[in-house]
Amino acid sequence: MSRFALSLFLLGALLLGTAWIVESREVVAPGATEKPALPEAPIAGYRAPDFTLTTLTGDTVRLSDYRGQPVVVNFWATWCPPCRAEIPHFQAASRRYNGRIIFLGVDDGEPVATVAPFAAKMGITYPIPLDTESAVSRLYRVNSLPSTFFIDASGVIRHVQFGLVTEAVLEENVQVLLADEGNAAGP
Amino acid sequence: MLPVLDLGFAAVPTAGLIYILGAWLALSAVEKGAALLKQHVAATYTLAVLGLAAAFVGARAAFVASHWEAYRQQPLAIVWPLTAGFDIWAGLLLGALAAFFYGRARGLPPWRTLDALAPGLLVGLSTLSLADFLAGPGYGEAADLPWSISLFGVSRHPVQLYEIAFALLALGVWRLALIRGRDLPSRAGVPFLTAGAVYSAGRLFVDAFRDNAWLTQGGYHVVQIISLVMLLACLFFLLMRLESNAPALHAERRVDGAEGMPPEMPERRTG
């Protein structure tokens, strides 16, 4: 290819490329960050599937009721050693970010009689919804425990952590949620 | 989508497996590229490994440094788990710097080394797209096309597959450019730059079909802007290469026309 032809090609690429970028521009309504068509799926980047469960204390918890606030949903069970290891981090964070971030410890497939003494022994004060039939675990495609979903204020999953959440991992993801909080809009 | 491989006794995140496989494939592609270009294979391979390692360590270190308060209490968390917490831009910068200084120290010819690295980069980018396709957060715009994929009940553009298609096309272009000018020093850099231009143009085109694209404040696609800059840079350097090597190219063309065979002008081998 000659120099002249390549120069023309360069100019053409600049013009066409710029035109294509302008054409592809997405006009976002002021204040809105979420597209209405965003689907529900238990994967980062998607809207967190909604669920309703009863907590250890008998209260009803519905995920969509927390829209407007970041939520950390941790799937766990009393028989799971890594779950037991990470509970103190969630407990400390729930106190530290009280009112700013909601922590939900969804117990997977265990009865109240098993979970209640364990929660008392561990000093858990954040809500523990009981997924006794594992329906929510299946909805979230939880294949291994623990699994943790970090959901921003607009209800979009920002990160999914399979396996142990260390204090550092928890903190870095919480910071991301808090940073997003200012930009996110509720439904 | 297949975010997790359920092996029965364990659930393995698919993306992590693909990244490991991708690194191995990319390094193998660099090795093959260097051999095809008659470059010093061991030195080029080492440069790629060093660049990759520096990028990985650098991305983690930069992230840890920027979130030091979180890691200070728990230093072991710096090295495990590694499923999240990387500063991609810092990693890219440090990886490129490590590769650059190693290449200089070993006296590797810059353009020919980039030519040898190109297939590895394209294979690596393809595996990133594949990981995103199987387990990542990216997805295309809703579209009812014969090749659309269904994601949670909605038919969508398989944008990551488009990206892979353009990477394969760029790989083909790289191979063609190599066949044409492998033994001609004046054409050093041409395979890398043409493949880079094709891939950048492809990403510029297909990112328009991504539904959850990374946007600027004004709603422009960031990947498209980066791709356009890369495309223009590739074309500009291609122009510069052709201009600076015009006399040699003319001589080669004359020889090509007269003899039907390129002259024997092997690149200096190092190491």
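The notes below deal with the structure included here. (Residues numbered from 1 in each chain as written. Chains lettered and ligands numbered in written order. Predicted model: local features only at pLDDT ≥ 70, side-chain atom pairs only at ≥ 80, totals over all residues.)

**Considerations on the overall build of chain B**
What counts, and what does not: Helix and strand definitions here come from DSSP, where helices need a minimum of 4 consecutive H or I residues and strands a minimum of 2 consecutive E residues; each element is numbered from the N-terminal end. In this scheme every C-beta is placed from the backbone, and a residue whose C-beta has 20 or more other C-beta atoms within 10 Å is buried, one with 12 or fewer is exposed, and one in between is partly exposed. Contact between residues is assigned whenever the C-beta positions, reconstructed from backbone atoms, fall within 7 Å.
Scanning chain B from N- to C-terminus turns up 9 helices and 4 strands. Listing each helix as α and each strand as β along chain B from the N terminus yields β-β-α-α-α-α-α-β-β-α-α-α-α. Going through the 271 residues of chain B one by one, you find that 40% of them count as buried. Taking all contacts inside chain B whose residues are at least 6 apart in sequence as the whole, residues at least 24 apart take part in 71%.

**Concerning the packing of helix α7 (residues 190–206) of chain B against helix α8 (residues 222–244) of chain B**
Residue and element names in this part refer to chain B. To keep it simple, the criterion reads: Note on geometry: axes are C-alpha line fits, over the in-contact stretch for helices, and angles between N-to-C directions span 0 to 180 degrees. For classification purposes, angles smaller than 35 degrees are called roughly parallel, those larger than 145 roughly antiparallel, those between 65 and 115 roughly perpendicular, and all remaining angles oblique. Crossing handedness: left-handed means the near helix sits turned counterclockwise from the far one by under a right angle, and right-handed means the same turn made clockwise. Residues are sorted three ways: Asp, Glu, Lys and Arg are charged, Ala, Val, Leu, Ile, Met, Phe, Trp, Tyr, Cys and Pro are nonpolar, and all the rest, Gly among them, are polar.
Their axes nearest at 8 Å, the elements α7 and α8 cross at an angle of 155°. Comparing the axis directions of α7 and α8 gives the class roughly antiparallel. Between α7 and α8 the crossing geometry is left-handed. Every residue of α8 that contacts α7 at Val-190, Leu-193, Thr-194, Gly-196, Ala-197, Ser-200, Ala-201, Arg-203 and Leu-204 is listed here: Val-223, Gln-224, Ser-227, Leu-228, Met-230, Leu-231, Cys-234, Leu-235, Phe-237, Leu-238 and Arg-241. Grouping the constituent residues of the contact of α7 with α8 by class yields 13 nonpolar, 5 polar and 2 charged.

**Quick notes on the interface of chain B and chain A**
If you look at the interface, chain B gives 42 residues, while chain A gives 37 residues. Those elements that place two or more of their residues in the side of chain B that touches chain A are β1 (4–6), β2 (11–13), α3 (68–72), α7 and α8 of chain B. A per-element tally of the side of chain B that touches chain A places α8(B) first, with 11 residues. Partitioning the side of chain B that touches chain A into residue classes produces 30 nonpolar, 10 polar and 2 charged.

**Notes on unusual backbone geometry**
Residue and element names in this part refer to chain A. Positive phi is not limited to glycine here, since Ser-134 has a value of about 60°. As for its placement among the helices and strands, Ser-134 is situated in the loop between β5 (129–131) and α4 (135–139). On the basis of neighbour count, Ser-134 is assigned to the partly exposed category, with 16 C-beta atoms found within 10 Å. One non-glycine residue, Arg-141, lies in positive phi territory at about 50°. With respect to the element layout, Arg-141 can be found in the loop between α4 and β6 (147–151).

**Notes on the nonpolar core**
Residue and element names in this part refer to chain B. Put simply, the rule is: Each nonpolar core consists of buried Ala, Val, Leu, Ile, Met, Phe, Trp, Tyr and Cys residues. Their C-beta atoms, within 7 Å, join them into a set.
Within the largest apolar cluster, 100 residues are counted, with the highest numbers of intra-cluster contacts made by Leu-122, Ala-170 and Ala-195. Element by element, the count of residues in this core is highest for helix α5 (residues 110–135), at 12 residues. Each residue touching Leu-122, except ones within four places of it in the same chain, is listed here: Ala-167, Ala-170, Leu-171, Ala-195 and Tyr-199.

**A few points about the pairing of β6(A)**
All names here are of chain A. Operational definition: Pairs of strands are assigned from DSSP output, requiring at least two bridges between the strands.
Extensive coverage of β6 is indicated by the burial of 5 of its 5 residues. Alternating residues of β6 divide into Ser-147, Phe-149 and Ile-151 and Thr-148 and Phe-150, and every residue in both groups is buried. When strand β3 (residues 71–76) meets β6, the two strands line up antiparallel, connected through 5 bridges. Bridge pairing in β6 links Val-73 to Phe-149. Summarising the sheet, β6 and strand β7 (residues 157–162) pair through 5 bridges and their orientation is antiparallel. For Ile-151, the partnering residue across the bridge sits in β7 and is Ile-157. Following β6, the chain reverses through 5 residues before pairing antiparallel with β7; Gly-155 in that reversal takes a positive phi of roughly 90°.

**A short note on the sheet that holds β7(A)**
All names here are of chain A. Sheet architecture is open: 7 strands sit in the order β2-β1-β5-β4-β3-β6-β7, paired in mixed fashion. Two strands bound the open sheet, and with one partner strand each, they are β2 (60–62) and β7. Strand-to-strand twist in this sheet, taken as the mean axis angle between neighbours without regard to direction, amounts to 30°. Against the sheet, helix α2 (residues 81–96) touches β3 and β4 (102–108), its axis set at about 155° to β4.

**A few points about the packing of helix α2 (residues 41–66) of chain B against helix α4 (residues 88–106) of chain B**
Residues and elements named next belong to chain B. The N-to-C vectors of α2 and α4 enclose an angle of 150°; their axes lie 7 Å apart at closest approach. Classed by the angle they form, the pair α2 and α4 counts as roughly antiparallel. You can see that α2 and α4 cross each other, and the crossing is right-handed. Taking contact as the criterion, the partners of Ala-43, Leu-47, Leu-50, Gly-51, Leu-52, Ala-54, Ala-55, Phe-56, Gly-58, Ala-59 and Ala-62 in α2 are, on α4, Ile-88, Ala-90, Gly-91, Leu-92, Leu-94, Gly-95, Ala-96, Ala-98, Ala-99, Tyr-102, Gly-103 and Arg-106.

**Quick word on the environment of B:Gly107**
All names here are of chain B. For Gly-107, the position within the fold is in the loop between α4 and α5. Here Gly-107 falls in the exposed class, since 11 other C-beta atoms lie within 10 Å of it. Residues Gly-107 and Ala-43, 64 residues apart in the sequence, show an inter-C-alpha distance of 9.7 Å.

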